[in-house]
Amino acid sequence: NDVKGQEGAEKFSDKLGMKRCYSVDMKSVDDIKDANDALIAGMDLKKMVNSAKKLPHKQIMQFGELRNSVLRELKNPEEVRGLPSQSFPKLNTVLRGFRKGELTILTGTTGIGKTSIISQISLDYCQQGVNTLWGSFETKNTRLAKKMLSQFAAKNLEENIDKFEYYADEFSKLPLYFMKFFGATKLDQVLDAMQYAQYAYDVEHVILDNLQFMAGDQARGYTKFDYLDDAIEKFRKFATDKNCHITLVVHPRKEADDTKLSLGSVFGSAKATQEADNVIIVQKGRGTRYLEITKNRFSGDLGIIPYRYDRDTEKYYETTLKENSKPPPQNNKWSNKQ
């Protein structure tokens, strides 16, 4: 009868088939969250099961069915806010955590470090138990895994090769999966792999890097915009229907080097930013790099998160704008070039 319990019940009903499942009404017992609690409390389980009702049509409901969910969100605001980021704590202040069922768009100019940043953020959540699926269409899986392993170890493993086996063994324990696709790939194939991973491995976070490489030459000219819109619409539907968070990396339009990116800079039509729950832009300024949250459907809060990059570990660390604007010492491991 709690948030996670209800999510689990929905997940199993999807697997078993909605027509085969019934819902036990526990609205009147606030402190009872599952059958075990009801048994310990001496409640009549047979009566509760006999009064269970068939699950309603997925797309139709009344407020009576929402009432308990609203109450749970009011009682458990921290649960609803989502899983906090440990590597970028300020993301929690702005985005209020990682939530399933959302679509996040990440954009930034070529070479600014989009893959490295989302690699670190996805690894952060994966280490906290979020089953994760990576679709890397621009970077080979071996290179991506090497990057993620360095971030996981927080060490330059080329200089600590004797530590490889230990960290590789620990890394292998993570609930992390990789799609084998690379370069241009048919949308239906990607969706089929996502569907399987969500069913078989209970994947809760899918990263697709990036939309343009996945599309390749499958569409040209004006039809390319239609193709990208169709892909975004289907990814949005998947996130909602499967209660799975999708992070989609999208290159921006070509703009002058000194132009600050905005929502309108995301390549394609306005559909990408309209469908997205969150839009994060990797920005660069004079001697500074920062993440800018330009859309946040959950709370509406926007903001910036300055960072520095450590070449040895390939990790990013939050700073302040004042710290970020200072040039790093010569031969220092910190870099503003990423």
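Here the structure is a predicted model, which means the values were calculated and not measured.

Cut-offs used in this document
- Residues numbered from 1 in each chain as written.
- Predicted model: local features only at pLDDT ≥ 70, side-chain atom pairs only at ≥ 80, totals over all residues.
- Heavy atoms only, no water.
- Helix = DSSP H or I, 4+ residues; strand = E, 2+ residues; numbered from the N terminus.
- Buried < 20%, exposed > 50% of the residue type's maximum accessible area, 1.4 Å probe, protein only.
- Contact = heavy atoms within 4.5 Å.
- Salt bridge = Lys/Arg side-chain N within 4 Å of Asp/Glu carboxyl O.
- Phe/Tyr/Trp six-rings, centres within 6.5 Å; stacked < 30°, edge-to-face > 60°.
- Lys NZ or Arg CZ within 6 Å of the ring centre and 35° of its normal.

K.L.:
Lay out the environment of glycine 101 in plain terms, naming residues and giving numbers.
P.N.:
Residue placement: glycine 101 occurs in the loop between helix H6 (89-94) and strand E3 (103-108). According to the relative accessible area criterion, glycine 101 is buried, its value standing at 17%. Those residues in contact with glycine 101 that lie beyond four places of it in its chain are Arg236, Ala239, Thr240, Asn243, Cys244, His245 and Asp277.

K.L.:
Account for the pattern of salt bridges, with residues named and values stated.
P.N.:
Throughout the structure, instances matching the rule amount to 14 salt bridges. Between glutamate 314 and lysine 147 there is a salt bridge; the shortest N-O distance is 3.2 Å. One end of the pair, glutamate 314, is in the loop between strand E10 (303-310) and strand E11 (315-318); the other, lysine 147, is in helix H8 (residues 141-153), with 167 residues separating them in the sequence. On the basis of relative accessible area, glutamate 314 is assigned to the buried category, the value being 17%. One network of salt bridges, in which partners are shared, links Glu233, Lys271 and Glu275.

K.L.:
Outline the packing of aromatic side chains, listing residues and values.
P.N.:
The description of an aromatic ring pair rests on the distance of the ring centres and on the angle between the ring planes. Going through the model one piece at a time under the given rule, you end up with eight aromatic pairs. Plain terms: the ring middles of phenylalanine 225 and phenylalanine 267 are 5.7 Å apart, the flat faces sit at 15° to each other, and that makes the pair stacked. Here phenylalanine 225 is found in helix H12 (residues 222-241), whereas its partner phenylalanine 267 is found in the loop between strand E7 (245-249) and helix H13 (271-275), with 42 residues between them in sequence. In this structure phenylalanine 225 comes out as partly exposed when scored by relative accessible area, which is 28%. Ring centres 4.8 Å apart and planes at 45° place the aromatic pair tyrosine 309 and tyrosine 316 in the tilted group. Assessed through its relative accessible area of 1%, tyrosine 316 is described here as buried. The structure contains a cluster of three or more aromatic residues connected by ring pairs, namely Tyr177, Tyr196 and Tyr201. It is lysine 15 that lies over the ring of tyrosine 199; its NZ or CZ is 5.5 Å from the centre. Above the face of the phenylalanine 298 ring, arginine 99 is positioned so that its terminal group lies 3.9 Å from the ring centre.

Such coordinate-based values are descriptive only and should not be taken to indicate function.
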